[in-house]
Amino acid sequence: MIAQPKPDEKRARQIAVVSGKGGTGKTTIAATLAAMVAPLVLADADVEAANLGLVFGVKQTEAEAFPGLPLAVVDPAACTGCGVCVELCRFGAIAPIDLDNPVADIDLLACEGCGVCVDNCPVGAIAGVPAQAGVLFVGRSSLGPMVSAELEPGQDLSGRLTTLVRQRAVKEAEGAGLDLILIDGPPGTGCPTIATITGVDALIAVAEPTAAGTADLIRLMDLAGRFDLIPSVIINKIDLSPQGAAVIEAACADRGAHVIARIPFIEGVSRWLEDGAPLQRLPEALQPLHAVAAGLRSEGPVT
Ligand code: SF4
Ligand code: SF4
């Protein structure tokens, strides 16, 4: 759950920038908006591929271990080879007991940490050993505090870690007296996206006008609808396909979503970001984002 403020407490407004697919330019747009409205708290909720911090040269001040589910470890001296755990493990993580393999042998890469074997071993030969699933980072950027995280490969607690990033961002905003949290969300419509958009004040969806981009945006809008959110849509790389852009505009109109900016393809935009996104050298094509940025602190959806 995302921390809720007390009734008389003014809390920071939370805006998530998301996309139905990767490669839409979401992080570029989130970074540009952040540079335009600083100071603020930045939250990189893409815990499987965080890269917002690369843009602003974040100085890391804290790194906190994120515990995963405990993995099952056998004490071979205590195991009687009864085979109960082999039968019970529905993930096939425990090799069958036989003459060559007389005690339980658990593949830790396959173990999902469900704890069933730990609870059911008749002689208590299996223990659940805590494993680290990721790291939560807090740092300082030129725009304000930044919270991000890194999930270990193969771990599937991305939704939980995303929620922790958001909770810590709220704490940072309270501590620094900042009124805005910009969340750079993950692509897609899975668990981490759900954790990113739950309880936000406004949602911005970045889409590109390709067939896949449109389909993914529609999926994202439908997901957002389940949380009573209507995203404000930015069409990026609009000149790639004016026809595709028209399809996006129609899909947005059908769902009551507003297209708030139309950005052409920008050659070498990442170089501008790598320079630290100095607004004095903002590429012409990104100028429409000034109007979006001007509305980020207003109540309701971004217009
Ligand atoms: S249930 Fe316990 S005793 Fe039986 S094989 Fe598994 S670890 Fe060994
Ligand atoms: S903890 Fe669960 S997944 Fe892991 S070995 Fe035991 S039963 Fe299998």
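For the structure itself, look to the data block above.
This write-up is about the structure you can find in this document. Owing to the predicted nature of the structure, the values given are computational and were not obtained by experimental measurement.

1. Regarding the overall build of the chain
Scanning the chain for helices and strands turns up 10 helices and 13 strands. By principal-axis analysis of the C-alpha atoms, the chain measures approximately 70 × 45 × 40 Å. When burial is assessed residue by residue, the chain has 50% of its 303 residues classed as buried. Within the chain, contacts between residues at least 6 apart in sequence are counted, and of these 77% link residues at least 24 apart. Total accessible area on the chain stands at roughly 14,400 Å², and carbon and sulfur atoms take up 55% of it. If the 21 positive side-chain charges of the chain are averaged to one point and the 35 negative ones to another, these points end up 9 Å apart.

2. Brief notes about helix α1 (residues 26-37)
Given a rise of 1.5 Å per residue, 12 residues ought to cover 16 Å, and the 17 Å separating the end C-alpha atoms of α1 matches this to within 8%. With 12 of 12 residues buried, α1 lies mostly within the body of the structure.

3. Side note on a nonpolar patch on the surface
Together, Val73, Leu108 and Val129 give the surface a local cluster of nonpolar side chains, amounting to about 210 Å² of exposed area. Position of Val129 relative to the elements: it lies in strand β7 (residues 126-129). Look at Val129 and you get partly exposed, because its relative accessible area is 38%.

4. Focus on the pattern of salt bridges
Throughout the structure, instances matching the rule amount to 12 salt bridges. The partner of Lys21 in a salt bridge is Glu208, and the shortest N-O contact between them spans 3.0 Å. Of the two residues, Lys21 sits in the loop between β1 (13-19) and α1 while Glu208 sits in the loop between β11 (202-207) and α7 (211-226), which places them 187 residues apart along the sequence. The same class applies to Lys21 as to Glu208, namely buried. Salt-bridge contacts for Arg168 lead to Glu172; the nearest nitrogen and oxygen are separated by 3.0 Å. Here Glu172 and Arg168 lie together in helix α5 (residues 158-176), a separation of four residues that amounts to about one turn. Across the pair, exposure class does not vary: Arg168 and Glu172 are buried alike. Within the structure, one salt-bridge network assembled from shared partners comprises Glu62, Glu64, Arg140, Arg168 and Glu172.

5. Some points on unusual backbone geometry
The linkage connecting Ala38 with the following residue, Pro39, adopts the cis geometry, with an omega of 10°. Secondary-structure assignment places Pro39 in the loop between α1 and β2 (41-44). In this structure, Asp228 is a non-glycine residue whose phi angle is positive, near 60°. Notably, Lys237 is not glycine yet its phi reads approximately 55°, a positive angle. Within the fold, Lys237 resides in the loop between β12 (232-236) and α8 (242-254).

6. Examining the nonpolar core
Core analysis: the largest hydrophobic core is formed by 41 residues, its most contacted members being Ile181, Leu217, Val233 and Cys252. Discounting chain neighbours no more than four positions away, the residues touching Cys252 are Leu217, Met221, Val233, Ala257 and Val259. Listed in part, the 37 residues of the second largest apolar core include Val17, Ile234, Val292 and Ala293.

7. Focus: the packing of α7 against α8
Relative to each other, α7 and α8 sit at 15°, their axes nearing to 10 Å. By the angle between their axes, α7 is roughly parallel relative to α8. For the element pair α7 and α8, the recorded crossing hand is right-handed. Residue-level contacts link Thr214, Leu217, Ile218 and Met221 of α7 to Gly244, Val247, Ile248, Ala251 and Cys252 of α8.

8. Focus on the site of ligand 2
Taken together, Ala72, Cys89, Phe91, Ala93, Ile94, Ile106, Cys111, Glu112, Gly113, Cys114, Gly115 and Cys117 make up the full set of residues adjacent to ligand 2. The class makeup of the residues in the shell around ligand 2 is nine nonpolar, two polar and one charged.

How each quantity is defined
Residue positions are given per chain, counting from 1 as you read along its sequence in written order. To label them, take the chains in the order written and letter them from A, then take the ligands in the order written and number them from 1. Per-residue local features of the predicted model are confined to residues with pLDDT of at least 70, and side-chain atom pairs are confined, for both listing and counting, to 80 or more; whole-chain, interface and lining totals are unaffected and use all residues. Just so you know, side-chain values use all the structure's heavy atoms and leave hydrogens and water out. Under the DSSP-based scheme used, a helix requires at least four consecutive residues in state H or I and a strand at least two consecutive residues in state E, with every element numbered from the N terminus. Burial classification: accessible surface area is computed with a 1.4 Å probe over protein chains only, and a residue below 20% of its type maximum counts as buried, one above 50% as exposed, and the rest as partly exposed. A contact between two residues is defined here by any heavy atoms of the two lying within 4.5 Å. For the accessible areas, the method is Shrake-Rupley and the probe is 1.4 Å, while residue cover comes only from the protein chains on display. Under the convention used here, Asp and Glu are negative, Lys and Arg are positive, and both His and the chain ends fall outside the count. Here the site of a charge means NZ on Lys, CZ on Arg, CG on Asp, or CD on Glu. To estimate the expected span of a helix, count its residues, drop one, and scale the result by 1.5 Å. The residues that make up patches have over 30% relative accessible area and no salt bridge, and they are joined within 9 Å when like-charged or within 5 Å when they are Val, Leu, Ile, Met, Phe, Trp or Tyr. Salt bridges are counted wherever a side-chain nitrogen of Lys or Arg sits within 4 Å of a carboxyl oxygen of Asp or Glu. Take the buried residues of types Ala, Val, Leu, Ile, Met, Phe, Trp, Tyr and Cys, join any two whose side-chain atoms come within 4.5 Å, and each joined set is a nonpolar core. The axes used here are C-alpha line fits, helices contributing only the stretch in contact, and every angle between their N-to-C directions lies in the interval 0 to 180 degrees. Throughout, the term roughly parallel applies to angles under 35 degrees, roughly antiparallel to angles over 145, roughly perpendicular to angles from 65 to 115, and oblique to all others. Take the far helix as the reference: if the near one is turned anticlockwise from it by less than a right angle, the crossing is left-handed, and if turned clockwise, right-handed. Any residue with at least one heavy atom within 4 Å of a molecule or strand is counted as near it. Classes in brief: Ala, Val, Leu, Ile, Met, Phe, Trp, Tyr, Cys and Pro nonpolar; Asp, Glu, Lys and Arg charged; the others, Gly included, polar.

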